Amino acid sequence: MSILSNRINNLAESQTIKMAKLGRELSAKGINVINLSFGEPDFHTPQFIKDAAVEAMEKNFTYYTPVSGYPDLRKAIADKLKRENNLDYNFDQIVVSTGAKQALANALMVMLNPGDEVIIPTPYWVSYSEMVKLAEGESVYINATAENNFKITAAELEAAITPKTKMFMFSSPCNPTGSVYSREELAALVAVFEKHPNIYILSDEIYEHINFIGGHVSIAEFASVKDRTILVNGFSKAYAMTGWRIGYLAAPKEISDAADKLQGQITSGTCSITQKAGVAALNGGLKEVHEMRDAFLKRRGIVYDLLSKIEGVKVNLPDGAFYFFPDVSSFFGKSVNGATLNNAEDISLYLLNTAHVSTVTGEAFGNEKCIRISYAASEDELKEACKRIAEALNNLK
């Protein structure tokens, strides 16, 4: 009998972290592994942000912070939401956390009761379903297809709603597909939510600035659902601040107060130095952010061209984020050296152990036919990785 709780025993391991770990283990043996499994920009944090952190240390911002974050940071976030998204939030509707991941978990934990249903379009980020599970909710999936650029329709949303539906949870731009919902597509979903006033929306917008089709549209911009929307964002992707661990939610006051209450019992406020760096990031303009976005756009073109040339790989062109989510199901049932590859996880492990390229199985994201490939790597690494992938897949019989 396990000494561990059912809660942890029933929780799945993060596949992105697992594959990165396996890749590091191979690298430690001297093998040249190209890691395309992690959702982490390969750029350095802009210098002006690092300078602000140094200044904060020199000014002795080294003590506990308010649970929801320094007031000047929360005010800077509110200003950003008004300036960039035309959204009005008071600073006390914002809770700063140790990454957007904690903000998502906070929202689910304070909103869900046992048995409440959360509608999640698939593919979805690996932690969504496990967070719902921890909050004792039930995930209800809508399978989005590559033919519709992995986006759901209003009719599909309507069909998934039941009397138990408490929340709709999604990301745009999306991890793992890079799909971006247009204003018109969001308006169609909003029209459904207007008929169901008890459903809340958890909108993950962490990839907001890695968007290749124009300005970002937040579902919170629609007045009829703003007071039912919990907006989650952060600094990790746009500002290359993954290791700083800082994110936030903006929500109706009752929900933000509840998130503050929960966070006060778990982690309290996030790192003081990080928060001061966050103020500088938000107030420093978007020049570096746009330079990184443009670099991702160029890489997207390189990888799309190379993946499209691999016979048997089906790939669509993503509109944002820095991922491809190709369908590799044509290789299921094929063999190499007497071993048969039966699913996406087998393909992903085969590419790691044979081609020495780390990817992630699509099963972790709710789609058993695909693998996720991050193009947050140098152009040379991406070209070499695609070459290795092509050679490995072509060797399957």
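Presented here is a report on the structure given in the accompanying data block. (Residues numbered from 1 in each chain as written. Predicted model: local features only at pLDDT ≥ 70, side-chain atom pairs only at ≥ 80, totals over all residues. Heavy atoms only, no water.)

### So, the packing of helix α5 (residues 100–111) against helix α10 (residues 253–266)
So, point 1. Running from N to C, α5 and α10 point in directions that differ by 105 degrees, and their axes come no closer than 9 Å. By the criterion of interaxial angle, the relationship of α5 to α10 is roughly perpendicular. Contacts between α5 and α10 pair Q102, N106, M109, V110 and M111 from the former with I255, A258, A259, L262 and Q263 from the latter.
So, point 2. A breakdown of the residues in the contact of α5 with α10 according to their chemical character gives 7 nonpolar, 3 polar and no charged. (Axes fitted to C-alpha atoms, helices over the stretch in contact; angles between N-to-C directions. Helix = DSSP H or I, 4+ residues; strand = E, 2+ residues; numbered from the N terminus. Parallel < 35°, antiparallel > 145°, perpendicular 65-115°, else oblique. Contact = heavy atoms within 4.5 Å. Nonpolar A, V, L, I, M, F, W, Y, C, P; charged D, E, K, R; others polar.)

### Side note on the packing of helix α3 (residues 47–58) against helix α11 (residues 272–283)
So, point 1. The N-to-C vectors of α3 and α11 enclose an angle of 140 degrees; their axes lie 8 Å apart at closest approach. With respect to α11, the axis of α3 lies oblique. For the pair α3 and α11, the sense of crossing is right-handed. Seen from α3, the contacting residues are F48, I49, A52, A53, A56 and M57; seen from α11, they are I273, K276, A277, A280 and A281.
So, point 2. Its residues placed into classes, the contact of α3 with α11 shows 10 nonpolar, no polar and 1 charged. (Left-handed = near helix turned anticlockwise from the far one by under 90°.)

### Section: the environment of E208
So, point 1. The topology assignment puts E208 in the loop between β6 (200–204) and α9 (223–226).
So, point 2. Judged by its relative accessible area of 5%, E208 is buried.
So, point 3. E208 has contacts with K80, E84, N85, P173, H216 and N233, leaving out every residue within four places of it along the chain.
So, point 4. At a separation of 2.9 Å, a polar atom in the side chain of E208 contacts the side chain of N85. (Buried < 20%, exposed > 50% of the residue type's maximum accessible area, 1.4 Å probe, protein only. Polar contact = N/O pair within 3.5 Å; in protein donor to acceptor, adjacent residues only side chain to side chain.)

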